[in-house]
Amino acid sequence: MIAALFAAAALMVPPACDLEHPSGKAGCTRAAVDRLKMNDLQAVGSHNSYKEAIAPAEMATLRARNPKAADTLDYSHPSLTEQLNDGARQLELDYVYDPEGGRYASPLGRKMTPNTTPYDLAPYAKPGMKVIHVPDIDYRSVCPLLVDCFKEIRAWSKAHPDHVPILLIFNLKQDQLKVPGAVPLLPFDAKAMDAADAEIRSVFKPGEVITPDAVRGRHKTLREAVLAGRWPTLKQARGKFMLAVDEGPDVVAVYRGNRKNLEGRMMFINSPSEDASDAAYFTLNEAVELQARIQADVKAGFIVRTRADADTWESRRNDRAPQAAAFASGAQYVSTDYMHPDTRFSTYEAHLPGGGLARPNPVRARP
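Reading the values: rules and limits
- Residues numbered from 1 in each chain as written.
- Predicted model: local features only at pLDDT ≥ 70, side-chain atom pairs only at ≥ 80, totals over all residues.
- Heavy atoms only, no water.
- Salt bridge = Lys/Arg side-chain N within 4 Å of Asp/Glu carboxyl O.
- Helix = DSSP H or I, 4+ residues; strand = E, 2+ residues; numbered from the N terminus.
- Buried < 20%, exposed > 50% of the residue type's maximum accessible area, 1.4 Å probe, protein only.
- Pairing = 2+ DSSP bridges.
- Axes fitted to C-alpha atoms, helices over the stretch in contact; angles between N-to-C directions.
- Core = buried A, V, L, I, M, F, W, Y, C linked by side-chain atoms within 4.5 Å.
- Contact = heavy atoms within 4.5 Å.
- Disulfide = S-S within 2.5 Å.
- Parallel < 35°, antiparallel > 145°, perpendicular 65-115°, else oblique.
- 1 Å grid on protein atoms, 1.4 Å probe; cavity = no way out; pocket = protein on both sides within 12 Å on 5 of 7 lines; lining within 4 Å.
- Points joined across faces, edges and corners; volume = space filled by probe spheres on them.
- Nonpolar A, V, L, I, M, F, W, Y, C, P; charged D, E, K, R; others polar.

Q: Give me the pattern of salt bridges: which residues, what numbers.
A: Following the criterion strictly, the structure yields 24 salt bridges and no others. Ionic pairing is found between Arg 63 and Asp 71, a salt bridge with its closest N-O pair at 2.7 Å. The partner of Lys 173 in a salt bridge is Asp 94, and the shortest N-O contact between them spans 3.7 Å. Residue Lys 173 is found in the loop between strand S5 (166-170) and helix H8 (190-203), and its partner Asp 94 is found in the loop between strand S2 (90-92) and strand S3 (95-96); the two are separated by 79 residues along the sequence. On the accessibility criterion, Asp 94 (0% relative accessible area) is buried. Here the salt bridges do not stand alone but share partners, grouping Arg 63, Asp 71, Asp 74, Arg 316, Asp 342 and Arg 344 into one network.

Right, here's the structure in full:
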């Protein structure tokens with residue numbers, strides 16, 4: 001009975017309420033908002049959040065060889081701190097495995113275009129995961145070392161402890177670039193996966209990351225817990241992070257190993273299906289084509305990330321239809337490359353309908 005009353009109160013939160021900074025007006029108080037579960041929100045995030053622009057001379061070389069690829073890579077982001085200040089509540093960090101250090105310290109792009117813009121490659125000489133988009137070609141990062149990205153994000157969080165839960169997603173780069181002279185990438189085997197978890201634990205303290213074990217609790221499976229509404233409330237999740245491996249079935253199978261429910265792991269996975277025992281999170285980027293599936297998953301209790309735009313096309317055309325579909329889908333985290341317009345192309349940008357940093361999920365938390 002008490003649980004039902006709390007659920008009813010949560011559904012009274014008005015759709016225009018900013019969940020991070022409630023107005024204090026009827027239904028939009030901190031007490032009312034904090035009774036929502038973390039999967040009852042919707043927020044905006046950034047895609048390839050670490051990506052600096054390719055240097056102009058290197059971009060010219062790339063464009064001469066592959067104009068289409070150049071177009072898709074022609075975007076960038078400011079520092080992670082600036083993005084968080086701007087309201088990003090989902091960040092994406094792609095990394096390569098480099099346990100010895102130095103593997104990615106001499107990018108091919110710089111050899112192809114020797115008179116390029118200076119860039120500090122010293123961090124690439126250190127051991128550890130390196131945050132890179134396309135090794136050798138699109139290698140410039142606002143935080144080259146994964147642990148340094150984590151430290152920056154955590155420092156911002158400690159300075160803003162009331163933020164709604166932030167989703168950090170990761171692509172694990174291991175597909176070889178088919179260009180002569182490109183550096184061989186190391187595969188993400190079981191040892192590499194353990195190393196990734198170790199880097200997370202080296203920065204984040206116990207309780208700062210919402211883990212699969214914390215959500216599963218005493219339920220038999222993670223999926224069972226999610227469908228039973230076991231996500232933390234916003235009150236419990238403020239100032240915390242959820243991490244997820246955003247990869248296909250073969251890669252997440254290596255991260256899972258012989259675990260049925262990601263026992264002991266720091267990250268959730270992009271589950272191969274809604275029926276999997278460890279199903280909790282999905283990356284479903286095609287918001288138009290997958291609208292019905294996203295809405296069904298969100299209603300069921302899963303957390304979903306989708307995209308408002310991709311490969312610079314929406315910005316070049318000022319096309320906001322995919323963005324509208326992404327927000328209408330109810331995906332909890334909607335990713336964009338354009339929290340601010342790139343005026344070279346258009347006035348295109350992506351923000352929550354009605355403003356604010358996080359709003360009641362349009363599919364789950366109805367007024």
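Q: Explain the sheet that holds strand S1 (residues 41-46) to me, using residue names and the numbers behind them.
A: Across the sheet, which stays open at both edges, the 5 strands sit in the order S8-S9-S10-S1-S11 with mixed pairing between neighbours. Where the open sheet ends on each side, the last strands, each with one partner, are strand S8 (281-283) and strand S11 (358-360). On average, each strand axis in the sheet is tilted by 20° relative to the strand beside it, whichever way the strands run. As paired elements, S8 and strand S9 (residues 303-307) share 3 bridges and run parallel to each other.

Q: I'd love a proper account of the nonpolar core, names of residues and values included.
A: With 77 residues, the main nonpolar core has Leu 19, Leu 168, Phe 170 and Met 267 as its most contacted residues. Beyond its immediate stretch of four places on either side in the chain, Leu 168 contacts Leu 91, Phe 150, Ile 153, Phe 204, Phe 241, Met 242, Leu 243 and Ala 244. Within the second largest apolar cluster, 13 residues are counted, among which are Val 44, Ala 287, Ala 308 and Ala 326.

Q: Before we move on, can you summarise the state of the cysteines with the specific residues and values?
A: This structure, assessed with the given rule, holds 2 disulfides. Here Cys 17 is linked by a disulfide to Cys 28, with a sulfur-sulfur distance of 2.1 Å. Judged by the torsion about the S-S bond (85°), the Cys 17/Cys 28 disulfide is right-handed. Taken together, the positions of Cys 17 in the loop between helix H1 (2-10) and helix H2 (30-34) and Cys 28 in the loop between H1 and H2 put the pair 11 residues apart, joining distant regions of the chain. For Cys 17, a relative accessible area of 3% gives the class buried. Residue Cys 28 is classed as buried on the basis of its relative accessible area of 3%. Each sulfur in the disulfide pair Cys 143 and Cys 149 lies 2.0 Å from the other. In this structure the cystine formed by Cys 143 and Cys 149 twists about its S-S bond by roughly 100°; its chirality is therefore right-handed. The burial state of Cys 143 is the same as that of Cys 149; both residues are buried. Here the cysteine-cysteine linkages of the protein chain are recorded as 1-2, 3-4, numbering only bonded cysteines and doing so in sequence order.

Q: Give a detailed account of the sheet that holds S2, specifying residues and quantitative values.
A: Spatial ordering of the open sheet is given by S2-S5-S6-S7, a layout of 4 strands whose pairing is parallel. Strand pairing shows two members of the sheet lacking a second neighbour, S2 and strand S7 (268-269), which therefore form its edges. Each of S2, S5 and strand S6 (241-245) is contacted by helix H7 (residues 146-159), which is oriented at about 175° to S5, the strand it contacts most.

Q: Provide a residue-level description of the packing of H8 against helix H12 (residues 249-256), including the pertinent values.
A: The geometry of H8 relative to H12 is characterised by a closest axis approach of 8 Å and an angle of 70° between their N-to-C directions. By the criterion of interaxial angle, the relationship of H8 to H12 is roughly perpendicular. Taking contact as the criterion, the partners of Ala 190, Met 193 and Asp 197 in H8 are, on H12, Val 251, Val 254 and Tyr 255.

Q: Talk me through empty space enclosed by the protein; I want residue IDs and the actual numbers.
A: Per the stated rule, a full pass over the model turns up 1 cavity of 30 Å³ or more. Roughly 30 Å³ of internal volume is contained in the largest cavity. Considering the residues around the largest cavity, the lining is formed by Arg 103, Tyr 104, Pro 107, Ile 132, Pro 135, Asp 136, Tyr 139 and Val 183. Grouping the amino acids of the lining of the largest cavity by side-chain chemistry returns 6 nonpolar, no polar and 2 charged.

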